[in-house]
Amino acid sequence: MNNKKTRLFKTFVTIFVFALAFVFEAVNIEAKPNTDKLKTEEILAKHLDSIGTADARKSITSIMASGTAKAVSKGRNAGETDGLVVMISDGEKNLIGMRFPINDYPYEKMGYDGNEFTVAFLKPGQRSLLGSFMLENKDTFKVGILGGTLSTAWELLNYDEKVGKLKCGGIKTVDEIKAYKCDYSPRKSDLNVNLYFDAETFRHFKTEYTRVISGGQGLGVNNSARQQEKRYKLVEIFSDFKEVNKLTLPHKYTLTYEATENDSGLAFDWRMELNDFKFNESIEAKNFKADVF
């Protein structure tokens with residue numbers, strides 16, 4: 001009889017201990033902050049802090065960053081070439097320029113001078129595929145998204161909902177990084193823009209621009225059936241973050257452009273490594289004009 005009571009007592013104790021452990025675990029889970037539920041304005045504030053203090057950010061009026069660039073063509077005509085890159089910005093004005101030792105492809109250059117977004121000609125009347133895409137979607141790039149934190153024109157430094165609206169969701173894994181995915185909607189845009197922020201550091205490490213043109217858009221009934229969907233995608237990747245002049249900025253910057261039309265596709269990479277930074281230099285407004293041949 002005593003053995004039976006002992007077994008019952010041990011069973012009761014075991015159940016009680018498991019139940020108590022479950023309660024403590026539930027309380028512990030409840031006590032942990034749910035970082036998935038950070039508000040958009042909280043993510044924005046933490047992102048700005050990841051760049052530098054408010055005083056450090058305000059002290060910078062212009063940035064000149066330069067280094068090496070590699071242009072990579074994928075697919076049937078695969079190849080690559082080395083060149084140089086310079087990125088300059090002053091307030092809302094900014095420009096990205098790459099130069100290559102190839103007659104048919106001497107450079108990529110795009111800039112906003114505060115009034116107009118322009119793209120360089122490879123030769124009179126001819127722009128590159130990337131340049132044409134940029135120009136067709138100039139209203140998006142005029143707001144200061146291109147180049148991210150490498151530019152003083154970076155839209156989130158002086159976020160204004162009248163220019164574009166930022167809306168963030170929860171955490172997801174992107175390129176093996178736990179990140180916040182945020183939709184950014186410029187007031188005038190045909191592009192879908194997604195920004196990604198590292199969930200631990202809140203650094204901006206990726207932007208995706210996508211545009212889909214449905215088959216037959218703008219065509220008559222007889223022609224629409226012969227047209228296929230067109231897809232365009234531009235991706236910016238920022239990495240190798242280091243502190244320079246009290247700001248934490250990426251020192252590697254990659255652009256990837258993909259276009260798919262009528263079952264055929266094109267893909268290009270531009271891989272840049274920035275190794276020289278200058279701040280608060282005087283930059284003439286004409287330097288942000290990119291379409292002068």
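Note: the structure precedes this text.
From a predicted model like this one, the values you see are computed outputs, not experimental measurements.

Moving on, we come to the sheet that holds strand β7 (residues 177–186). One open sheet holds the 12 strands; their spatial order is β5-β4-β3-β2-β1-β12-β11-β10-β9-β8-β7-β6, and the pairing between them is antiparallel. Both edges of this open sheet fall to β5 (117–119) and β6 (164–174), since each of them pairs with a single strand only. Strand-to-strand, the axes of this sheet are offset by a mean angle of 20°, without reference to chain direction. Bridging between β6 and β7 involves 9 bridges; their strand directions are antiparallel. In the sheet register, Leu-166 faces β7, and the bridge partner there is Tyr-184.

A few words on the state of the cysteines. Scanning the model with the defined rule gives 1 disulfide in all. Residue Cys-168 pairs covalently with Cys-182 via a disulfide, S to S 2.0 Å. Every disulfide takes its handedness from the sign of the S-S torsion; for Cys-168 and Cys-182 that torsion is 100°, giving right-handed. Highlighted residues: Cys-168 in strand β6 and Cys-182 in strand β7, separated in sequence by 14 residues. In this structure, Cys-168 and Cys-182 share a single accessibility class: buried.

Moving on: the layout of surface pockets. Taken as a whole, the largest pocket encloses approximately 490 Å³ of empty space. Considering the residues around the largest pocket, the lining is formed by 26 residues, among which Thr-152, Ala-153, Trp-154, Leu-157 and Asn-158 are closest to the centre. At the level of elements, α2 (40–51), α3 (54–58) and β11 (247–261) are the ones that each hand at least two residues to the lining of the largest pocket. In terms of residue count, α3 provides more of the lining of the largest pocket than any other element does, 3 residues in total. Split into classes, the residues belonging to the lining of the largest pocket amount to 13 nonpolar, 7 polar and 6 charged. If you add up the space inside the second largest pocket, you get close to 330 Å³. Lining the second largest pocket are 20 residues; nearest its centre among them are Ala-71, Ser-73, Ile-102, Tyr-105 and Phe-268. Contributing elements (two or more residues each) for the lining of the second largest pocket: β1 (62–73), β2 (79–90), α4 (129–136) and β12 (264–279). Here the lining of the second largest pocket is built from residues that sort into 9 nonpolar, 6 polar and 5 charged.

About the criteria used
Residues numbered from 1 in each chain as written. Predicted model: local features only at pLDDT ≥ 70, side-chain atom pairs only at ≥ 80, totals over all residues. Heavy atoms only, no water. Pairing = 2+ DSSP bridges. Helix = DSSP H or I, 4+ residues; strand = E, 2+ residues; numbered from the N terminus. Axes fitted to C-alpha atoms, helices over the stretch in contact; angles between N-to-C directions. Disulfide = S-S within 2.5 Å. Buried < 20%, exposed > 50% of the residue type's maximum accessible area, 1.4 Å probe, protein only. 1 Å grid on protein atoms, 1.4 Å probe; cavity = no way out; pocket = protein on both sides within 12 Å on 5 of 7 lines; lining within 4 Å. Points joined across faces, edges and corners; volume = space filled by probe spheres on them. Nonpolar A, V, L, I, M, F, W, Y, C, P; charged D, E, K, R; others polar.

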